[in-house]
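One-letter residues, chain by chain:
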Amino acid sequence: MDKKEGEAMQFEQLNEESYKATLERWTWEADANDVFPHEVERKLRWVGELLSNGEGDPNHRSLAYGVFTVGSDVPAAVCELVISRKTMNERWLKLLSVILSPEVEAKVDAGDVEAIQTAVMAYRTAVSGAFDAQLEHNADTLKLYGRNEAMLKLLTTLLATLQSSGSDFDAKKEGRWLVLRSISTTT
């Protein structure tokens, strides 16, 4: 892990170059941490397919983002976002998954405090980055999916924090989703 305590992370859309660097580094990390390298290929296959297929349907489009430690060309996490339309006037951006690098994931599983801090910072950066991406992609609503129990717990905690902070958007839980809507679209 190249992270130093307190070091900032950035949320950036992946391109062919960053995808190839990620696949190579994560495959090496998987092998070094007794994880099956083909698992990395399986987890990242959608990114390669997305990049080779281009833009696709603008009303239902997948996006691949990475959470990078500043100065790194390989992300600590890869995020899957989807732009979709509920109606002609309502456009959603959904954060479907946050996949930690094999090294970070293995160290989190072992209870490594620095790795846990990296994972928390990666999730935090993914959520704030997705919110910024929602604005960039002209979406009215950001939906964050609680794919597993850990993510669901994180989203529940985030919801409580958002509701008590007096933010300029409406936050609520809908099933396994944390839904954030701009106040201007809810009134």
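Attention in this report is confined to the structure presented alongside it. Along every chain, residues carry numbers that run from 1 in the direction the sequence is written. Local features in a predicted model are, by the rule used here, given only for residues with pLDDT of at least 70; side-chain atom pairs are given and counted only at 80 or more, and totals for whole chains, interfaces and linings are based on all residues. Values shown for side chains rest on all heavy atoms present in the structure; no hydrogens or waters enter the calculation.

**What about the packing of aromatic side chains?**
Then, in step 1: Each pair of aromatic rings taken from Phe, Tyr and Trp, with Trp reduced to its six-membered ring, is defined by centres within 6.5 Å and is described as stacked if the planes are under 30 degrees apart, edge-to-face if over 60, and tilted in the remaining cases. According to the stated counting rule, one finds 2 aromatic pairs in the structure shown.
Then, in step 2: Seen from their ring centres, Phe11 and Tyr65 are 4.5 Å apart, and the 5° between their planes marks the pair as stacked. Taken together, the residues span a long stretch of sequence, with Phe11 in strand S1 (residues 9–13) and Tyr65 in strand S2 (residues 60–69) at a distance of 54 residues.
Then, in step 3: Burial here depends on accessible area, computed with a 1.4 Å probe over protein chains only, as a share of the maximum for the residue type. Under 20% is buried, over 50% is exposed, and the range in between is partly exposed. Residue Phe11 is classed as buried on the basis of its relative accessible area of 17%.
Then, in step 4: According to the relative accessible area criterion, Tyr65 is buried, its value standing at 4%.
Then, in step 5: Measuring from centroid to centroid gives 4.8 Å for Tyr145 and Trp177, while their planes differ by 50°, and the two rings are tilted. Remark: Trp177 occurs in strand S7 (residues 177–182) and Tyr145 occurs in strand S5 (residues 141–145); sequence separation between them is 32 residues.
Then, in step 6: Under the relative-accessibility criterion, Tyr145 is labelled partly exposed at 22%.
Then, in step 7: Judged by relative accessible area, which is 18%, Trp177 ranks as buried. Counting from the N terminus, the helices are the DSSP runs of H or I reaching at least four residues and the strands are the DSSP runs of E reaching at least two.

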